[in-house]
Amino acid sequence: MSLTRPVTAVAREHVVTPRRGLGRFLRPGTLYLLLILGGIVFGFPFYWLVIGSLKDQTQYNQFPPTWIPNPVHWQNYSTLFQLLPFGQFLVNSAIITFFVVIGTVASSALVGYAFARLRAPGRGILFGLLLGTIILPSEITIVPTFIIFAKLQWINTFRPLIVPAFFGDAFSIFLVRQFFQSIPRELDEAAMLDGAGYFRIFWNIFVPNSWPILATVAIFAFINTWSDFFTPLIYLNNLSKMTGAVGLAFLNVEHGGGSSQVTLQVMLAGSLIVMLPMLVVFLVLQRYFVKAITLTGMK
Amino acid sequence: MTRLERREAIAFYLFASPWILGFLIWTLGPMLASLYLSFTNYDLFTPPQWVGLQNYTGLLTSDGEFRSAMFNTFYFVIIGLPVNLVLALATALLLNERLRGITFFRGLYYVPTLVPAVASGVLWISLFDPQYGVLDAILRVFHLPSIDWLADPNWIKPAIIITLLWGVGGGMIIYLAGLQNIPEQLYESAKIDGAGAWSRFFHVTLPLLTPTILFEVIIGLIGFFQIFDQIYVLTYNHPGEESITFMYYLFQTAFGSETNQMGYASAQAWIFFVIVMAATFLVFKTSARWVFYEGARQ
């Protein structure tokens, strides 16, 4: 298993060779038709979400559906924030995500450097273990890990979610290691002749030359942590500590229980609030996302 | 070992120490602990009581809920995963075209994967609504009977697979990267040799894509074996025997009920671990026969 250099999905677009791939079978018109149909399937739920969150009960219960709510019913959002402290939830998610990103990037860079450059007895075995943990299903460690945090009295704190990130994530370490190996050895050898130690070499040569991979690791940590549901669900059950996802799921159970206040429109408003930070970050950093994701295309 | 070599080895262990410690604290230690706990009864408060194989025999012979969880989980892996893989490849082939505006479509197809599972679950509850949902509106247009997707035991699993397919863009973008790594010359020479479009797809594209397919199968296996979020949200934390999954049952056993049955949950985890590892091993083992490595090397 080896990893390629950054492969961008966009890089070769300017080359014009019209008839390749599916284009060998289908005309451009048919292709566009398929693309647009798919676009509707993937995009329509977002439109449904936005309009649904702006409807009152009568508008919601219409058939055929109301496509543009009039009047716009903003109250669903104020109801949402009255029912539960969603502002606090988002702040909690942001705090946890911030520290997990810092912890993952820092530890993965350090460990990635060790595996990419430093020779030591036992390194091969450790690297094998590292690869093994990438595909290790997490349920096997959940129960004892929970017991550790319960004994430490860390339930209902952010620590069970943040602290493990500082011990490195196997997949991120692997990505960093592959990237570091592509940095020419002459650079560290020259620095070593100048008397630089391993940490100086790591800090002055590897880190500054590796921002694409470090950004990739950061983006993955961000996506995974913001979306994570299982871990915060078992560690955070106090209303003031919940993350956006846990708070929304909590409200959803109320909704399912038939609460008259928690309408489906309020739930849709909550759904939009929880996903919005991810979508905004994606739109702003779109190029880096595509780069980051395609970078993991292993061969 | 020379002085320099020793210095380098010490540096290695210092730099790698976060992960080595993490491996011992968060992986190896807990794995051994859960193996031990799986032979005990443990509720977090009173010391664990050794019960031998009782947890395992109970799970495998007389626990109907565990059997349902197993069945449903295998349903998702056996039906959901292949559908997901094929659809991901199909969309990747479509989005690999060099057409005007293709970047926009790539973004659009990819965005749903970024929606947190809980948020997407809530959205799909609304789309699946048997009275006012969109799917129902479509059925009505074709004069088909409406389906209560989430309450009907026959439809809940397909419904969950549909919500997962909305996020097919995650797999798609990796296929896309794989497709873009296939050298154009191979198509040219195949063409010169008289290969038709189908023949080029089956003899150039597909073989060169097999390493990517293997990667996606492995990642997909683990993901589909661990389905949890969608179950929790779409059943309002009350899955029935037709929707409970392995991960949900473990969650309920260890953390969900009033008593934390840590021993019983650990036995579940180990049974499942063995199954997932066996499936992964099987895929790797057969991959020698269907994964084409030669041409993928650049």
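Bear in mind that the values here come from a model prediction, so they are computed numbers and not experimental data.

Caption draft 1: Just the overall build of chain B, in detail. When helices and strands are tallied, chain B shows 13 helices and 2 strands. Relative to its length of 298 residues, chain B is extended, with a C-alpha radius of gyration of 24 Å against a globular reference of 19 Å. The burial tally for chain B puts 43% of its 298 residues in the buried class.

Caption draft 2: Quick peek at the overall build of chain A. Along the backbone of chain A there are 15 helices and 0 strands. The proportion of buried residues among the 299 residues of chain A is 42%. Put simply, 75% of the contacts in chain A that link residues at least 6 apart link residues at least 24 apart.

Caption draft 3: Just unusual backbone geometry, in detail. For the bond running from Asn 70 of chain A to Pro 71 of chain A, omega is 0°, close enough to zero to count as cis. One non-glycine residue with positive phi stands out, namely Asn 156 of chain A, at about 65°. Examined against the element boundaries, Asn 156 of chain A turns out to sit in the loop between α6 (139-151) and α7 (159-162). Taking the number of C-beta atoms within 10 Å as the measure of exposure, Asn 156 of chain A has 14 and is therefore partly exposed. Residues other than glycine seldom take positive phi values, yet Leu 44 of chain B does so here, at roughly 85°. Assignment of secondary structure puts Leu 44 of chain B in the loop between β1 (40-41) and β2 (49-50).

Caption draft 4: Molecular detail of the environment of Glu 189 of chain A. Residues and elements named next belong to chain A. Along the chain, the position of Glu 189 falls in helix α9 (residues 185-193). Taking the number of C-beta atoms within 10 Å as the measure of exposure, Glu 189 has 11 and is therefore exposed. For the pair Glu 189 and Val 246, spaced 57 residues apart in the sequence, the C-alpha separation amounts to 50 Å.

Caption draft 5: Representation of the interface of chain A and chain B. With 94 residues of chain A in contact, the opposing surface of chain B contributes 85 residues. Of the residues in the side of chain A that touches chain B, the class split is 63 nonpolar, 23 polar and 8 charged.

Caption draft 6: Looking closely at the packing of helix α14 (residues 264-284) of chain A against helix α5 (residues 117-128) of chain B. Packing of α14 of chain A against α5 of chain B brings their axes to within 9 Å, and their N-to-C directions diverge by 150°. Relative to α5 of chain B, the element α14 of chain A is oriented roughly antiparallel. Crossing handedness for the pair α14 of chain A and α5 of chain B: left-handed. Across the interface between the two elements, Leu 264, Met 267, Leu 268, Gly 270, Ser 271, Val 274 and Met 275 of chain A of α14 of chain A pack against Val 118, Ala 119, Val 122, Leu 123 and Ser 126 of chain B of α5 of chain B.

Caption draft 7: Seen up close, the domain arrangement of chain A. All names here are of chain A. The domain boundaries assigned to chain A delineate domain 1 (21-76) and domain 2 (81-295). Summarising the inter-unit geometry, the C-alpha centres of domain 1 and domain 2 are found 32 Å apart. It is helix α1 (residues 28-52) that provides the largest number of residues to the side of domain 1 that touches domain 2, a total of 3 residues. Across the side of domain 1 that touches domain 2, the residue classes tally to 3 nonpolar, 4 polar and 1 charged.

Caption draft 8: Seen up close, the packing of helix α4 (residues 86-117) of chain A against helix α11 (residues 211-227) of chain A. Residues and elements named next belong to chain A. Packing of α4 against α11 leaves a shortest axis separation of 9 Å and a crossing angle of 145°. At the point where α4 passes α11, the crossing takes the right-handed sense. Contacts between α4 and α11 involve Ser 93, Ile 96, Thr 97, Val 100, Val 101, Thr 104, Val 105, Ser 108 and Ala 109 on the former and, on the latter, Leu 214, Val 217, Ala 218, Ala 221, Phe 222, Thr 225 and Trp 226. Broken down by class, the residue content of the contact of α4 with α11 amounts to 11 nonpolar, 5 polar and no charged.

Caption draft 9: Summary view of the environment of Leu 84 of chain A. Residues and elements named next belong to chain A. Mapped onto the elements, Leu 84 comes out in the loop between α3 (75-83) and α4. A tally of 18 C-beta atoms within 10 Å means that Leu 84 is categorised as partly exposed. For the pair Leu 84 and Val 253, spaced 169 residues apart in sequence, the C-alpha separation works out to 13 Å. Sequence-distant contacts of Leu 84, that is, excluding residues within four places in its chain, are made with Gly 247 and Leu 251.

Caption draft 10: Main features of the confidence of the model for chain A. Counting all residues, the mean pLDDT for chain A is 88, and 88% of those residues have values of 70 or more. Every residue in residues 1-18 of chain A is under pLDDT 50, and counting partners more than four places away or in other chains gives 35 contacts.

Caption draft 11: View of the confidence of the model for chain B. Mean pLDDT over chain B stands at 92; residues scoring 70 or higher make up 98%. Model confidence for the complex is summarised by a pTM of 0.90, with the ipTM given as 0.91.

Caption draft 12: Local environment of the environment of Gly 22 of chain B. Note that Gly 22 of chain B resides in helix α1 (residues 3-37). Separated by 189 residues in the primary sequence, Gly 22 of chain B and Pro 211 of chain B place their C-alpha atoms 30 Å from one another.

Quick notes on the rules
Residues numbered from 1 in each chain as written. Chains lettered and ligands numbered in written order. Predicted model: local features only at pLDDT ≥ 70, side-chain atom pairs only at ≥ 80, totals over all residues. Helix = DSSP H or I, 4+ residues; strand = E, 2+ residues; numbered from the N terminus. Rg over C-alpha atoms; globule rule 2.2 N^0.38 Å. Buried ≥ 20, exposed ≤ 12 C-beta atoms within 10 Å, placed from the backbone. Contact = placed C-beta atoms within 7 Å. Nonpolar A, V, L, I, M, F, W, Y, C, P; charged D, E, K, R; others polar. Axes fitted to C-alpha atoms, helices over the stretch in contact; angles between N-to-C directions. Parallel < 35°, antiparallel > 145°, perpendicular 65-115°, else oblique. Left-handed = near helix turned anticlockwise from the far one by under 90°. Domains from an automatic or database assignment. pLDDT = per-residue confidence, 0-100.

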